[in-house]
Amino acid sequence: MIIVIGSATPASEVERIIGELSQYSVTIEKSVGKYKTVIGLVGGTSSINPDNIQQISPSIEQVIRVKHPFKRASIDFRHGEPSSVDVSTPLGVVSFGQNHPLVVVAGPCSVENEEMIIETAQVVKASGAQFLRGGAFKPRTSPYAFQGHGESALGLLAKAKEVTGLGIITELMDTSDIDAVAAVADIIQIGARNMQNFSLLKKAGATGKPILLKRGLSATIEEWLMAAEYIMAADNPNVILCERGIRSFDRQYTRNTLDLSVVPVLRTLTHLPIMIDPSHATGYSQYVATMAKASVAVGTDSLMIEVHPNPSVALCDGPQSLTPNDYIELMHEIKSVAQFFGRGQSFTNYIPRVTTLKNRVFA
Ligand code: PEP
Ligand code: MN
């Protein structure tokens, strides 16, 4: 249940209203927006009569029942105001959300060695990324495939952060790694295969770190938002939703189907920021640029792009990884598209034309 209070209401009156609400056995959450203050009641609200709430104060403008099963993630919970996930990085605070410039996250599927992660970090930083991605723990379909270098890879991500100042996004697969991952990651990624691993969601949420929640391979939008709700119910409002393609019937020519319609759909349902990952969605580097530009055109708040110094020898997801030079070319185009839509301020004036990194073999 949402209680909307006019912005001119004195803080003491808002506190009095909250005091009155404490008679109900529900969790009370206050969110002060630009235009309204919204108090959310979460829990057993079905027995609460909205008329009784309305009578608490003339400053209460509206009492609304949230019709969706997701509550904190619901657009109503912030009375239509988009939320912003603000992440501290050594280069400053980077904000994800509809009222902010496009954020770019780039890097290899997995951290393979020091040289490749540092050089990739330098290339992606020079061309406009604010975050470096890279897996230390990899969710592979085959138990015999490369599983990631684990904790040593986390150490290399920390080094890349120290050298470049980029924020770090890396995946958490197992709660036993939570402290090690949280120590390095500025944003913890929950991968598609773990989207409904509810105990992982609760524990990741409880770290207080911003969470990047990838959409499950066959997850409906509602299931995805309910997964976000698990994190938010752990008292962590900082969730970014990442569309990374869903399973459909044709896997011959694309790895997954990029569901770009989620952007306008999610805007009607949730206030949370959105990221699009065209790399895992298409599965082929030749399609990544087109879908990345399309993602910016439909209004994504951020992009995730896989980049590898030499994709042909990548230990993981080489076919979908861009070379540094292809990535740089794409960033020139993304900058223009983002500027067209008024969201290009995150790009530096100068993006190099080509990298000096000559696609060396790092394996
Ligand atoms: C990844 O980001 O490397 C990854 C494994 O993504 P997803 O969970 O979307 O497959
Ligand atoms: Mn990958």
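Going by the structure above, here's the rest.
In this text, all values refer to a predicted model and were calculated from it rather than measured experimentally.

1. A closer look at the packing of aromatic side chains
Line of reasoning, step 1. If you walk through the whole model with that rule in mind, you get four aromatic pairs.
Line of reasoning, step 2. Ring geometry for Phe198 against Tyr230: centres 4.4 Å apart, planes inclined by 25°, an arrangement best described as stacked. Residue Phe198 is located in helix α6 (residues 198–206), and its partner Tyr230 is located in helix α7 (residues 221–233); the two are separated by 32 residues in the primary sequence.
Line of reasoning, step 3. Among the residues examined, Phe198 registers a relative accessible area of 31% and is labelled partly exposed.

2. Side note on the coordination of the manganese ion (ligand 2)
Line of reasoning, step 1. Note on the manganese ion (ligand 2): its protein donors are Cys109 (SG), His280 (NE2), Glu306 (OE) and Asp317 (OD). The metal-donor distances range over 2.0 to 2.4 Å.
Line of reasoning, step 2. One chain supplies every donor for the manganese ion (ligand 2), spaced along it as C-x170-H-x25-E-x10-D. Of this pair, Cys109 sits in the loop between β7 (103–107) and α3 (114–126) while His280 sits in helix α9 (residues 278–282); the two residues are 171 residues apart in sequence, bridging distant segments of the chain.
Line of reasoning, step 3. Overall, the relative accessible area of 2% leaves Cys109 in the buried class.
Line of reasoning, step 4. Take His280: its relative accessible area is 8%, and that puts it in the buried class.

3. As for the packing of α6 against α7
Any two packed helices are characterised by how steeply their axes cross, that is the angle between the axes, and by the distance between the axes.
Line of reasoning, step 1. In contact at an axis separation of 7 Å, α6 and α7 are set at 45° when each is read in the N-to-C sense. As far as their axial angle goes, α7 and α6 are oblique. The element α6 and its partner α7 pack so that their crossing is right-handed. Contacts between α6 and α7 involve Phe198, Leu201, Lys202 and Gly205 from the former and Ala227, Tyr230 and Ile231 from the latter.
Line of reasoning, step 2. Its residues assigned to classes, the contact of α6 with α7 shows five nonpolar, one polar and one charged.

4. What about the side chain of Arg133?
Line of reasoning, step 1. In this structure, Arg133 sits in strand β8 (residues 131–133).
Line of reasoning, step 2. Owing to a relative accessible area of 2%, Arg133 belongs among the buried residues under this scheme.
Line of reasoning, step 3. A polar contact is formed between the side chain of Arg133 and the side chain of Glu306, at a distance of 3.4 Å.

5. What to know about empty space enclosed by the protein
Line of reasoning, step 1. Considering all chains together, one arrives at one cavity of 30 Å³ or more under this definition.
Line of reasoning, step 2. The computed volume of the largest cavity comes to approximately 40 Å³.
Line of reasoning, step 3. As for the largest cavity, its lining consists of Cys109, Arg133, Gly134, Gly135, Lys138, Ile169, Thr170, Glu171 and Gln189.
Line of reasoning, step 4. Take the lining of the largest cavity: its biggest share by element is three residues, from strand β9 (residues 167–171).

About the thresholds
Residues numbered from 1 in each chain as written. Chains lettered and ligands numbered in written order. Predicted model: local features only at pLDDT ≥ 70, side-chain atom pairs only at ≥ 80, totals over all residues. Heavy atoms only, no water. Phe/Tyr/Trp six-rings, centres within 6.5 Å; stacked < 30°, edge-to-face > 60°. Helix = DSSP H or I, 4+ residues; strand = E, 2+ residues; numbered from the N terminus. Buried < 20%, exposed > 50% of the residue type's maximum accessible area, 1.4 Å probe, protein only. Donors = N, O, S within 2.8 Å, 3.2 Å for Na, K, Ca; no water. Axes fitted to C-alpha atoms, helices over the stretch in contact; angles between N-to-C directions. Parallel < 35°, antiparallel > 145°, perpendicular 65-115°, else oblique. Left-handed = near helix turned anticlockwise from the far one by under 90°. Contact = heavy atoms within 4.5 Å. Nonpolar A, V, L, I, M, F, W, Y, C, P; charged D, E, K, R; others polar. Polar contact = N/O pair within 3.5 Å; in protein donor to acceptor, adjacent residues only side chain to side chain. 1 Å grid on protein atoms, 1.4 Å probe; cavity = no way out; pocket = protein on both sides within 12 Å on 5 of 7 lines; lining within 4 Å. Points joined across faces, edges and corners; volume = space filled by probe spheres on them.

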